[in-house]
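Residues per chain are reported as follows:
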Amino acid sequence: FGKDLPLYIEVGMGKGQFITELSRRNPEINYIGIERYTSVLYRALQKRELLTEECGEEFPNLRYLCVDAKDLPNFFGKGEVDRIYLNFSDPWPKERHARRRLTSREFLARYEEILADGGLVEFKTDNRSLFDFSLEEVESGWELLVCTYDLHHDKELMEGNVMTEYERKFSNLRNPIHKLVIRKPNRNAE
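Residues numbered from 1 in each chain as written. Predicted model: local features only at pLDDT ≥ 70, side-chain atom pairs only at ≥ 80, totals over all residues. Heavy atoms only, no water.

A. Representation of the nonpolar core within the structure. By size, the foremost hydrophobic cluster in this structure holds 29 residues, and its most contacted members are Ile-9, Val-11, Leu-72, Phe-76, Ile-84 and Tyr-111. Counting only elements with at least two residues in this core, the list comes to strand E1 (7-11), strand E2 (30-34), strand E4 (81-87), helix H4 (105-114), strand E5 (115-125), helix H5 (128-137) and strand E7 (178-183). Those residues in contact with Leu-72 that sit more than four places away from it in its chain are Ile-9, Val-11, Ile-34, Tyr-111 and Ile-114. (Core = buried A, V, L, I, M, F, W, Y, C linked by side-chain atoms within 4.5 Å. Buried < 20%, exposed > 50% of the residue type's maximum accessible area, 1.4 Å probe, protein only. Helix = DSSP H or I, 4+ residues; strand = E, 2+ residues; numbered from the N terminus. Contact = heavy atoms within 4.5 Å.)

B. Region of interest: the sheet that holds strand E6 (residues 143-148). The sheet built from 7 strands is open, its strands ordered E3-E2-E1-E4-E5-E7-E6 with mixed pairing. Across the chains shown, the open sheet's two edge strands, defined by having one partner strand only, are strand E3 (62-65) and E6. The mean inter-strand angle of the sheet, taken between neighbouring strand axes irrespective of direction, is 15°. Strand direction decides the pairing type here: E5 and E7, joined by 6 bridges, are antiparallel. The residue bridging Leu-120 from the neighbouring strand is Arg-183, located in E7. Across the face of the sheet, H4 comes into contact with E1, E4, E5 and E7 while running at roughly 140° to E5. (Pairing = 2+ DSSP bridges. Axes fitted to C-alpha atoms, helices over the stretch in contact; angles between N-to-C directions.)

Structural data, given as structure tokens:
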């Protein structure tokens, strides 16, 4: 990046609308969008290029990685990441696939490795079953700071909210948006 700033990542960034808007609003933070599929990442790069041409913005605080989320500890050092965003992740609805959910205990353990002390994970979804599952998983020692089943009707939480493409779509369909924010456990205090 060239500047030593706090590092925030979005896991499963899709076409990049959310993380691009965050990087635009917050030049004092470095962002990395994580996407597993090259075809989707390519779409995000095209959108960024188009924005750069239209607006003249360069987004010097935004980078991308094409990797699987299960490999995050291979790409980030211990305590290197300050915040992780998980937006409208694949719900993997079959119980036998629960370990693939980005809010499973297995993934939370990976995030714990790379998050700085006091680091946060923010998760948004319209899928009630996935949200309830996620709440059960965070009981493994994570501190629950925010929990709402209806984000868009919470004036305080909506302040500064950056909507993803899926969030806009599901909100327009009048689906409630669920959000939680958790803090990395302090295992030294135990």
